[in-house]
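# A structural walkthrough
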Amino acid sequence: MSEVHNDVQAYTLRLELVDEPGELLRSLQPIAEHGGNLLSIFHERGNVTPRGYIPVEVDIEATPDRFDNIVEGLSDAGINVIQAGTERYSERLTIILSGHLIETDLSDTLTQIEATRNATVTDISLSAPAGSIDVSSARFQLAAASGATEEVLAAMREIADEKDLQLVEPLTVGGRA
Amino acid sequence: MRLCVLGAGAVGSAVVELAAEHGHAVTAFADSESAAVDADGLDADAVLSKKRDDGVVGEAPPEAVFDAAYDVLVEATPTTLGDAEPGFSHVERALADDRDVVLANKGPVAERYADLRALEAESEGTVRFGATVGGALPILSTIEDVGPSRVSAVYGVLNGTANFVLSRMAAEGLDYEHVLAEAQDLGVAEADPTFDVDGTDTALKGVIVANVLSDGETEFTLDDADVEGIQELSGSMLDLAQEDGQTIRLIVEVADGGVRVGPRLVPENGAVAPSGTENAVQIEADYCGRLGITGRGAGGPETASAVLTDVERLTD
């Protein structure tokens, strides 16, 4: 007898890959490793995003458990997962961080945000006014797993606290972002 | 009704000026130094010009007002934190004499809500305080009409000065200090705008709403609110928000038994991003969904009209 949650389902993954040789293959490895069955790959080579990434759409079949492992595996491999399945990463969140962003290592901040469970960074816009060497601001667009908004914001608060950055959160009363 | 008006600032003065129009007589009026009392009703123009010209409202000492013949005490002295004095004692005295009280002063309802309700329970008098949140906007009366227990969240902008500063920063790409100085020149911001920009004023209003929603189960004071101001925001942060169709406003959220005030990203043309000195609040309630109230909140005549509306409701 097979239980409902062990049923194989079809999922769509939207990834954004760095424009470098081997990236596509690297992005498929976690899918194979965690037992996903590839159905199709749509590699939008000519359609580079404003940030210079190449969008890829992958259709796979997997059990829900395996699918979760695949998404985790992709994130661990540093691959941008924009959309996973129909429900995951359905909440779009914007935050602004301000302070000594550059001095406190912007890429480390980014890595920390990316390491947050249930969220991925989809866009960054940095504003470092000329003549000011210290205070700069950045807007981060995040895709959060549905229902995980509060958890993701709590993680952002911790990162901001640790790096002494000012965080402007979106208004989310009543579940809106 | 015969009104005893305490406080001769913008709100108290406007109450004295507008009372007759609403069919009420002001039988006593006091500032911190002096009082004027007349059982037949004071001449509004005369006492207000005396205050303007001589700096006092009359020749009697301030305490004299409590011996005057009045039905409703209008408490419009400046809001104070902590023990909420001297406003709280004024209210205490009026309730002990079984008179009704209408507050424009936020202190007693934000800092000593339980004490206030206890005094009211012992008195024949009733306390109303609709003017303390959003001035003329019918925020507390809407909550009262919907039923506090049916309201799940109240959030939005409740400070006109902070909202003016942020909307100017967004529109002109200017920095905080620059816009604040301009707001002071225009008379929108006071000489000492600390409570407006550090979130305290907004938080007091949020705490009052929380007290009303909790209906005596939990008492909230300013210490229970999580408060952050707008002083650290820069023009470039507003620019970044704008690139994404959003803006930053000083937002109070009263929900899940907590009060939180701070700058928040909100949709640029959304319900809680009013322009200039306007306030804008959303009330989420069972069955009726989201109710929005927007408009000019603070200001002498606006708040005075809310006070006089409360006086009307006392007679219902």
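Residues numbered from 1 in each chain as written. Chains lettered and ligands numbered in written order. Predicted model: local features only at pLDDT ≥ 70, side-chain atom pairs only at ≥ 80, totals over all residues. Heavy atoms only, no water.

Per an unreviewed UniProt entry, the recorded name for chain B is homoserine dehydrogenase, and the organism is Haloferax gibbonsii. Per UniProt, chain B has the following entry under Sequence similarities (unreviewed entry): "Belongs to the homoserine dehydrogenase family." (UniProt positions renumbered as here; feature names shortened; annotations may be inferred.)

As annotated in an unreviewed UniProt entry, chain A carries the name Amino acid-binding protein and is attributed to Haloferax prahovense.

## Examining the sheet that holds strand β3 (residues 53–62) of chain A
Residue and element names in this part refer to chain A. In spatial order, the strands read β2-β3-β1-β4; together these 4 strands make up an open sheet with antiparallel pairing. Both edges of this open sheet fall to β2 (37–43) and β4 (80–84), since each of them pairs with a single strand only. This sheet shows a mean twist of 25° between the axes of neighbouring strands, independent of strand direction. Pairing analysis gives 6 bridges linking β2 to β3, with the strands arranged antiparallel. Bridging from a neighbouring strand, S40 pairs with D59 of β3. The strands touched by helix α2 (residues 64–76) within the sheet are β1 (9–18), β3 and β4, with β1 carrying the most contacts at an inclination of about 0°. (Pairing = 2+ DSSP bridges. Helix = DSSP H or I, 4+ residues; strand = E, 2+ residues; numbered from the N terminus. Axes fitted to C-alpha atoms, helices over the stretch in contact; angles between N-to-C directions. Contact = heavy atoms within 4.5 Å.)

## What to know about the UniProt feature "binding site: NADPH" (unreviewed entry) in chain B
Residue and element names in this part refer to chain B. When the UniProt feature table is mapped to this numbering, "binding site: NADPH" (unreviewed entry) covers K106. Assignment of secondary structure puts K106 in the loop between β5 (100–103) and α4 (107–111). The buried category is assigned to K106, whose relative accessible area is 14%. Every residue in contact with K106, bar those within four places of it in the chain, is listed here: T79, T132, D201, L204, K205 and I208. (Buried < 20%, exposed > 50% of the residue type's maximum accessible area, 1.4 Å probe, protein only.)

## What about the packing of aromatic side chains?
Residues and elements named next belong to chain B. For the coordinates displayed, the defined rule picks out 2 aromatic pairs over all chains. When the centroid spacing of 6.2 Å and the interplanar angle of 85° are considered together, the rings of Y113 and F129 count as edge-to-face. Of the two residues, Y113 is situated in helix α5 (residues 113–122) and F129 in the loop between β6 (127–128) and α6 (139–146); the sequence distance between them amounts to 16 residues. Assessed through its relative accessible area of 6%, Y113 is described here as buried. By relative accessible area, F129 is classed as buried at 7%. Over the aromatic face of F88 sits the side chain of R112, whose NZ or CZ is 3.7 Å from the ring centroid. (Phe/Tyr/Trp six-rings, centres within 6.5 Å; stacked < 30°, edge-to-face > 60°. Lys NZ or Arg CZ within 6 Å of the ring centre and 35° of its normal.)

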